[in-house]
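# Descriptive analysis of the structure
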Amino acid sequence: MTVAEETFQPSAPVCWCCGGKFEDRDLVRLGAHPEVGVCIGCAKYTAYS
Ligand SMILES: [Zn+2]
């Protein structure tokens, strides 16, 4: 899977998990993938799954 960087919009952070739009501060960045962010809800979901 390749990532098209031109489609990544830092000004409009989107949860990589549920696709919802969030403020950047409300997204949790994955350590190995700083370009990927998930919302708090999904972060908790993944943490407990
Ligand atoms: Zn989410």
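Residues numbered from 1 in each chain as written. Predicted model: local features only at pLDDT ≥ 70, side-chain atom pairs only at ≥ 80, totals over all residues.

## Some thoughts on the overall build of the protein chain
A count of helical and extended segments in the protein chain gives one helix and two strands. Of the regular secondary structure in the protein chain, the N- to C-terminal order runs β-β-α. For the protein chain, buried positions account for 12% of its 49 residues. Considering only residue pairs separated by 6 or more positions, the protein chain has 16% of its internal contacts joining residues 24 or more positions apart. (Helix = DSSP H or I, 4+ residues; strand = E, 2+ residues; numbered from the N terminus. Buried ≥ 20, exposed ≤ 12 C-beta atoms within 10 Å, placed from the backbone. Contact = placed C-beta atoms within 7 Å.)

## Re the pairing of strand β2 (residues 33–39)
Relative to β2, strand β1 (residues 27–30) runs antiparallel, the two being bridged by four bridges. Each bridged residue has a counterpart across the sheet, and for leucine 30 the counterpart in β2 is histidine 33. (Pairing = 2+ DSSP bridges.)

## Structural notes on the confidence of the model for the protein chain
Mean pLDDT over the protein chain stands at 80; residues scoring 70 or higher make up 73%. Per-element confidence in the protein chain is highest for β1, whose mean pLDDT is 87, and lowest for helix α1 (residues 40–48), whose mean pLDDT is 83. (pLDDT = per-residue confidence, 0-100.)

## Things to note about the environment of glutamate 35
By the secondary structure assignment, glutamate 35 is in strand β2. Sequence separation between glutamate 35 and tryptophan 16 is 19 residues; the distance between their C-alpha atoms is 9.5 Å.

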